[in-house]
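Understanding the architecture of this molecule
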Amino acid sequence: MTHRSPGNELRALFSMRTLAGQVFCLVLALVLLLVAAAAIALVVQSRRDSLQEAKLRTLSVAQTFADSPGIVKALEGKDPTAILQPRAEETRKEAHVDYVVVMNVHGIRYTHPDPALIGKHVVGPYKEALAGHPFTRSFRGSQGPSVNSVVPVDRPDGKVVGAVSVGLTDKSVNMVADRSIPLSAAAALVAAAITTGGAALVSRRLRRQTHGLGPAEMTRMYEHHDAVLHAVREGVLIVGADHRLMLVNDEARRLLDLPPDAEGRAVPDLGLPPATAELLVSGRTATDKVLRSGNRLLAVSLRPTDTRGAPQSTVATLRDTTELSAITGRAELVNERLLLLYEAGARIGTTLDVTRTAQELADVAIPGFADVATVDLAPPTVPGEQPATESGYPLDMRRTAIAAADPDQPLFPVGREVGFVPNRTRAKRVNIAESGLGIEVITALGWRHWSTERARDILDYGFHSVISVPLHARGFILGLANFWRAGDTAPFDADDESFAEELVARAAVNLDNARRYTREHEMAVTLQRSLLPRDLPEQNALDVAYRYLPARAEVGGDWYDVIPLSGARVALVVGDVVGQGLHAAATMGRLRTSIHNFSTLDLAPDELLGHLDELVSRIDQDEAAGGGVEIAGATCLYAIYDAVSGNCSVARAGHPGPVLVLPDGTVEFSEVPVGQPLGIGGMPFEAADFHVPEGSRLVLYTDGLVERRDQDIDTGLELLRGSLEGRDRTPEETCDDVLAAMLPGQPSDDVALLVARTRTLDPDQVARWAVATDPAAVAGVRKNVNQWLTDRGLDEEAFTTELILSELVTNAVRYGTGPIEVRLLYDRNLICEVSDTSNTSPHLRYAATTDEGGRGLFLVAQFAERWGTRYTETGKVIWSEQTVGEPETDEGA
């Protein structure tokens, strides 16, 4: 080894012939330039900071002296100089300023470090301060260039009596800055020495790494290295520690089909096969690892580089071993088929939708197995039922799914009818290129609706092979799957036929499951819709609109109802049975029927919910005793609106409360006490009564409208408020706007929405009379009723109404307690009501021919359309309802 002396080392360091010497000289020049610039910048900054400090100090001293006690009195005295000169000099020395000058409003000095200048006019600006504005400026005064601050001296009344000028000369200011020059120079020299030494060390290391070569020699060496690298018939790559491609030769570009800008890009972004990319960035050692890249088989070897502590990179070499494909091709094909079957198991049957499952079967076969795949299914007579598959009877199938690499292929599109004769259950393979598509082939395949023109289009496109496989499960043929190959693809062989049968058999099970689910779903939907109201009853108290949206997957137990009650009242009901499926729908039907039955008793909302709660508890007990399914939970809201008074009474059992939208668009969430859900028991229900102005809208809904998994109920309520606020809308428009704002897609839970606009009866449609507890008062009632009906053109109803009211009032006089009141309501029908304070309920009975009485309620039942008893807080009301103006039939005439 050659040893160099220190002198030789130093000469080599400064030699411009080597790359290390050039780098050292360049770095040294840059360092000296930067150090000099930094030193100058420090001095300039120091002078700037000193000047700023001088301005602040002079202004502070001037302000302090101007505000000191006694200065105003001294300025207005006979001899200001005698008082202020000693104080000014003392302040100047203590504050380390060059002068403190006090002047009057005419600019005459009273103080100055040079007594000879006292009494003379000041040099420099001062009038701005006499105007009440202190300032700081640099100017040339009696002591040379200086920083001067002038502050006015104010009397208590605000009048300026003089000014105080405090200054520092440039010499004093620069003296402070000059103290930092030696330190800056020393720091610059030290920094220059350290950086020079560092540059020397870097250049020495660079000289050792480049072996003292010059730029021309290094360029020539790189050219030789590049020529050798790209001349070898083996691919070479270097992958850095950050998984980026650092170097690649021409052979590696060809083998891996790399883009021109591959160097510098991350390996995972180069579009390589996943296995190849994962191996190149793994950093491990490998020898002749065989990988597939397109149609090539590559033997890949990897070795990590020894970088002595630096981030480790990987050198990879590639050799083309495609000649081994003849040996490994069969194994690869088997592996691909297994992988395709595995992929089919994962991709087919992700949903229980028949059409989606058929499309998944077609998609999984493209392009790994066929160029075009079609699935034709036979639609059943009833959704979800099995299609007819009698031997030799054609199935009118329709194309349900199609997948193709080329969208312009000539096969029938989705939705086209494609018949099939189910005379086979095994797959059928046809080589079209050899046998064509004649009538014999079509008959063997069992296809219908094919013509010579269609066959010619298929041949012209280039289809040369097809496999047709029936879809059969549990003894029923569900449809047909066809796989086509065209162009340069190899024709189907026997192994392909076996694979197609296995693939279709797996898909048929999923299709059968989807079909059976569809059948059960249709049954549940049919049951649920049969249990919900088909049409709303006719009534004039409310203008009602409703919406019901079933859940995306399963039907649920949400329901709504509108029930006309006696006395121009209407009940609004919204409920929700927890859970989904047939059990929830059946439970909903039972509860809805029970509410209809309870409503005929004219119960208050809280009482009705109490009876319903007991019913649910008994149902649960019976189901538990019989080993059945108990009701998981149910909620309900029951509201009664009175069109005469405009009042509404509401009670709820674990259900969201109603929303009231006033005619001006204001939205109010009514405060209704919430009770326990139905079936829990233990706590009574409580009703809330409130007045509803005419034209308001009552909005009732189930929790599926405002509550979702990704949204809490408070957010949903605010969204509901926003969708209801604003302009006045009809109930139909309100339903549409609410659903558009709250449910842009298919809901995950059932949603029932009921919107009712309130109406009230005109006072002219209501009549009241108080009746004395005397049988003779009946005649007066008949007279008043007759006159009221005549005034409204209801003369034909007078006889029937007088008869009904006579019997009802007579019963109230005889068996009830006063006070007694008669009320007539003329809405869609004519309603007669007689109220008293007795709780005794009348009963209809059949009187014997010898009985003198007992026929009153019998007559009422015969002449009235409906009648009944309604209990109130003060007693009871016996009512009857007559149809007004009903046309008579020929038999009736």
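Here the structure is a predicted model, which is why all the values come from computation and not from measurement.

Describing the packing of helix α12 (residues 354–364) against helix α16 (residues 494–531)
Interaxial distance between α12 and α16 falls to 9 Å at its minimum, and their mutual angle equals 165°. It follows that α12 is roughly antiparallel to α16 by the angle criterion. Crossing angle aside, the handedness with which α12 passes α16 is right-handed. In contact with V354, T357, A358, L361 and V364 of α12, α16 contributes L503, A507, N510, L511, A514, R515 and T518. Grouping the amino acids of the contact of α12 with α16 by side-chain chemistry returns 8 nonpolar, 3 polar and 1 charged.

Comments concerning the pairing of strand β31 (residues 876–883)
Every other side chain in a regular strand lies on the same face of the sheet, so the side chains alternate between the two faces. With 7 of 8 residues buried, β31 lies mostly within the body of the structure. Strand direction decides the pairing type here: strand β29 (residues 829–836) and β31, joined by 8 bridges, are antiparallel. Opposite I831, over in β31, you have E881 as the bridge partner. Connecting the antiparallel pair strand β30 (residues 866–871) and β31 is a turn made up of 4 residues.

Looking at the environment of D257
Its location among the elements puts D257 in the loop between α9 (250–256) and α10 (274–280). Using a relative accessible area of 64% as the deciding quantity, one classes D257 as exposed. In this structure, the C-alpha to C-alpha distance between D257 and S293, residues 36 residues apart in sequence, is 8.7 Å.

Considerations on the sheet that holds strand β7 (residues 286–293)
Within the open sheet, the 5 strands sit side by side as β6-β5-β9-β8-β7. Their pairing is antiparallel. Here the strands that pair on one side only, and so sit at the sheet edges, are β6 (245–248) and β7. For this sheet, the mean angle separating the axes of adjacent strands, direction not counted, is 25°. Summarising the sheet, β7 and strand β8 (residues 296–304) pair through 6 bridges and their orientation is antiparallel. Bridged to A286 within β8 is L302.

Some details on the side chain of T800
Of note, T800 is situated in helix α22 (residues 798–815). Judged by relative accessible area, which is 16%, T800 ranks as buried. Apart from residues no more than four positions distant in its own chain, T800 is found in contact with F863 and Q882.

So, the pattern of salt bridges
Per the stated rule, a full pass over the model turns up 33 salt bridges. One salt bridge in this structure joins R244 and D242, with 3.9 Å as the shortest N-O distance. By relative accessible area, D242 is classed as exposed at 52%. Residues R866 and E881 are paired through a salt bridge, measuring 2.8 Å at the closest nitrogen-oxygen approach. With R866 in strand β30 and E881 in strand β31, this residue pair connects regions lying 15 residues apart in the sequence. When salt bridges with common partners are traced through the structure, they connect R727, R729, E733 and D737 into a single cluster.

Describing the sheet that holds β31
A sheet is described by the order of its strands in space; here 5 strands give the open sequence β27-β28-β29-β31-β30, paired in antiparallel fashion. Edge positions in the sheet fall to β27 (766–771) and β30, since each of these pairs with one other strand and no more. Across the sheet, the mean angle from the axis of one strand to that of its neighbour is 15°, orientation sign disregarded. Alignment of β27 against strand β28 (residues 820–826), held across 6 bridges, turns out to be antiparallel. Bridge assignment links V766 to a residue of β28, and that residue is L825.

Points about the packing of helix α21 (residues 777–791) against α22
Look at α21 against α22: their axes get within 9 Å of each other, and the N-to-C directions meet at 150°. The orientation of α21 relative to α22 falls into the category roughly antiparallel. Of the two possible hands of crossing, α21 and α22 adopt the one that is right-handed. Seen from α21, the contacting residues are V778, V781, R782, V785, N786 and L789; seen from α22, they are A798, T801, E802, L805, S806, V809 and T810. Of the residues contributing to the contact of α21 with α22, the split by class is 7 nonpolar, 4 polar and 2 charged.

Here we look at the packing of aromatic side chains
Under the defined criterion, the tally for this structure stands at 6 aromatic pairs. Between F369 and F483 the ring centres are 5.5 Å apart and the planes differ by 80°, which places this aromatic pair in the edge-to-face class. Within this pair, whereas F369 is found in the loop between α12 and β10 (372–377), its partner F483 is found in strand β15 (residues 476–486), the two being separated by 114 residues in sequence. Take F369: its relative accessible area is 2%, and that puts it in the buried class. The exposure class assigned to F483 is buried, which follows from its relative accessible area of 1%. When the ring of F369 is compared with that of F492, the centres are 5.2 Å apart and the planes differ by 40°; the resulting orientation is tilted. Within this pair, whereas F369 is found in the loop between α12 and β10, its partner F492 is found in the loop between β15 and α16, the two being separated by 123 residues in sequence. A relative accessible area of 5% places F492 in the buried class. One aromatic cluster in this structure is built from F369, F483, F492 and F499. Stacked on the ring of F65, the Lys or Arg R87 has its end atom at 6.0 Å from the ring centre. A cation over an aromatic ring shows up here: R485 above the ring of F369, its NZ or CZ 5.5 Å from the ring centre.

What counts and how
- Residues numbered from 1 in each chain as written.
- Predicted model: local features only at pLDDT ≥ 70, side-chain atom pairs only at ≥ 80, totals over all residues.
- Heavy atoms only, no water.
- Axes fitted to C-alpha atoms, helices over the stretch in contact; angles between N-to-C directions.
- Helix = DSSP H or I, 4+ residues; strand = E, 2+ residues; numbered from the N terminus.
- Parallel < 35°, antiparallel > 145°, perpendicular 65-115°, else oblique.
- Left-handed = near helix turned anticlockwise from the far one by under 90°.
- Contact = heavy atoms within 4.5 Å.
- Nonpolar A, V, L, I, M, F, W, Y, C, P; charged D, E, K, R; others polar.
- Buried < 20%, exposed > 50% of the residue type's maximum accessible area, 1.4 Å probe, protein only.
- Pairing = 2+ DSSP bridges.
- Salt bridge = Lys/Arg side-chain N within 4 Å of Asp/Glu carboxyl O.
- Phe/Tyr/Trp six-rings, centres within 6.5 Å; stacked < 30°, edge-to-face > 60°.
- Lys NZ or Arg CZ within 6 Å of the ring centre and 35° of its normal.

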